[in-house]
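Structure at a glance
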Amino acid sequence: MPQRTIFLLSIFIFTACNRTGEPAASLAEKYSAYFPIGVAISKAHMEGHDTVLIKKHFASITAENDMKPERTINKNGEFTFGAGDQIASFASENDIMARGHTLVWYNQTDEWFYRDSMGNLLSKEKMLERLEWYIGEVLDHYRGKVYAWDVVNEAIAYEPDKMFREDIDWFRICGPEYIEKAFVYAREADPEVKLFYNDYNLIDPVKAEKVYKMVKDFQERGIPIDGIGMQGHWTLEDVTAENLSKSIDLFASLGLEVQITELDVSIYPFYHNIAEEYLPKEKRAFTDEIEQMQAKKYAEIFRVLREKSDKVTNVTFWGLADNNTWLSNYFVKGRTDYPLLFDTEYQPKSAFEAIMNF
Ligand code: GLA
C-alpha cells in the first residue's frame, strides 16, 4: 500500500475510534519521548476495565493511599504492606514504573506515631529515631520496586508570611529539622532511590519561592534531594502556561528534576485552605462548554510540560476516571467533580483528545 494511503487510513481509524469512544492510541506511547505518564491507583483499580485502561495508557503508577504511614504500619508497630505490595507487584508484572507516596506527612499518619506508650508526645530525639527506623524499614521493603519517593509531603506553610507548617506534630516535636532528617535517612537507607519533596499549589510564586529557599539551603548543607513534586491539583482558573513554566524553571534552576505528581483539573473554583463553610457551594453540570474549557486547559498544561520535558521527568494523574476521584465529595459534600481524562463510563473526554493531538 502506498505510504500516503496508510497515513490517511490511520488518521481515519484514529478519528473513527475516537468517535466511538475507544481511543486508538496509547497515552503512554504518545508521550514516551517526553516523560512517563502515570496514574494514582488503589486496590480497587486492579480489576475489571480499570486494569485494561491502566495497562494501555500509563507507564507509571502511584499508590493513592496504600504506601502512606497510616496504611503501612499499624498501632502495634507492625508493618502492613499488603495493599502496597499488590500495587508494586502489579507495576512490575506489567512493566510499569512505581512512585512511592509518601513517607512523611502530617496527614494520614496515625496519632500513636508521635507518642509514647503513655500517650505523651515523643521527645525530639525519640521522634527522629522512630523516623529513621520507619524510613529504613519502608525503603528496604520497597527497594528496587519503587524508583522514587515523596519523602516529605506538604511541610511548607500556605500562609505567605510563614515558612513552615507549624501546627502539626512533626513541627511541634522537631521544629523544621524533621524535613532534612527524613531526606538524610532516606538516602542512607537506599542510595539509589530518587528523593522528592512534594507539595500543592506550587504554581503560586510565593509558595514556590519558599520551597526553593528550603532546597537551596539543603543543597548548601549537603542534604540529599533529587526533585520537586508539584502535586498539580489545579482548576480551570488557577494554572496558566506562565505560572507553571516559571515554577518548573525555578526548581530546575537548582539542578532538580520536576514531576507533576497528582494532576487533576477540577471544574470548580475551589481554593486550598478555605474552610468548607466558606467555599462556594454551587454545583455545575459537566456541560459541553465546561468540557471544552477543561480540554483547553489540559492542552495548555501539556504544551508547557512537553516544552520542558528536559526538566519534567514524570506526569501522574490523581485518578483514572471521573467515576472515582477524591474531588467529588471532598471540598463540598455531595458535589460531583469531573477532573480527569476519562469520564464516568471510562470513555475518553475532550481533555484526552486535547493532550493527544499535538
Ligand atoms: C494530597 C496528598 C495525596 C492525596 C490528596 C487528596 O494531595 O498528597 O496523597 O491524599 O491530597 O486525595
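All of the points below concern the structure found in this document. All residue numbers here refer to positions counted from 1 along the written sequence of the relevant chain. Selection of residues for local features in this predicted model requires a pLDDT of at least 70, selection of side-chain atom pairs for listing and counting requires 80 or more, and totals for whole chains, interfaces and linings are taken over all residues. Excluding hydrogens and water, the side-chain values take into account all heavy atoms of the structure.

Brief notes about the nonpolar core
Nonpolar core, defined: a set of buried Ala, Val, Leu, Ile, Met, Phe, Trp, Tyr and Cys residues in which side-chain atoms within 4.5 Å join the residues together. Under the scheme applied here, a residue whose accessible area is under 20% of the maximum for its type counts as buried, over 50% as exposed, and between as partly exposed, the area being computed with a 1.4 Å probe on protein chains only. Counting residues in hydrophobic clusters, the biggest one holds 102 residues, and the most contacted among them are Met 230 and Phe 302. By size, the runner-up hydrophobic cluster in this structure holds five residues, among which are Phe 270, Leu 279, Phe 331 and Val 332.

Observations concerning the packing of helix 6 (residues 124-141) against helix 8 (residues 177-189)
For any two helices packed against each other, one specifies the inter-axial angle together with the distance between the axes. Relative orientation of the contacting elements helix 6 and helix 8 amounts to 35 degrees, with a least axis distance of 9 Å. In the packing of helix 6 onto helix 8, the handedness of the crossing is right-handed. Contacts from Lys 124, Leu 128, Leu 131, Glu 132, Ile 135, Gly 136 and Leu 139 of helix 6 reach helix 8 at Glu 177, Tyr 178, Lys 181, Ala 182, Tyr 185, Ala 186, Glu 188 and Ala 189. Residues that form the contact of helix 6 with helix 8 fall into these classes: nine nonpolar, one polar and five charged. The axes are straight lines fitted to the C-alpha atoms, using for helices just the contacting stretch, and the angles between their N-to-C directions are given from 0 to 180°. Where helices and strands are cited, they refer to DSSP runs of H or I of at least four residues and of E of at least two residues respectively, numbered from the N terminus. For any pair of crossing helices, the crossing counts as left-handed if the nearer helix is rotated counterclockwise from the farther one by less than a right angle, and right-handed if it is rotated clockwise. The contact criterion used throughout is that any non-hydrogen atoms of two residues lie within 4.5 Å. In this classification, Asp, Glu, Lys and Arg are treated as charged, Ala, Val, Leu, Ile, Met, Phe, Trp, Tyr, Cys and Pro as nonpolar, and every other residue, Gly included, as polar.

Overview of the pairing of strand 4 (residues 148-153)
In terms of residue burial, strand 4 counts as a mostly covered element, since six of its six residues are buried. If DSSP finds at least two bridges between two strands, the strands pair. Alignment of strand 3 (residues 97-104) against strand 4, held across four bridges, turns out to be parallel. Bridge pairing in strand 4 places Gly 100 opposite Trp 149. Regarding the hand of the β-α-β motif, the stretch spanning strand 3, helix 6 and strand 4 is right-handed. Sheet topology places strand 4 next to strand 5 (residues 194-199); five bridges connect them, and they run parallel. Look down the strands so they point away from you; if the path from the first strand over the helix to the second goes clockwise, the crossover is right-handed.

As for the packing of aromatic side chains
Here the aromatic set is Phe, Tyr and Trp, taking the six-membered ring for Trp, and pairing holds for ring centres within 6.5 Å; pairs whose planes are under 30 degrees apart are stacked, those over 60 apart are edge-to-face, and all others are tilted. Per the stated rule, a full pass over the model turns up 29 aromatic pairs. A centroid spacing of 5.6 Å and a plane angle of 20 degrees characterise the contact between Tyr 31 and Phe 35, whose relative ring orientation is stacked. Judged by its relative accessible area of 0%, Tyr 31 is buried. For the ring pair Tyr 34 and Phe 358, a centre distance of 5.7 Å and an interplane angle of 80 degrees mean the geometry is edge-to-face.

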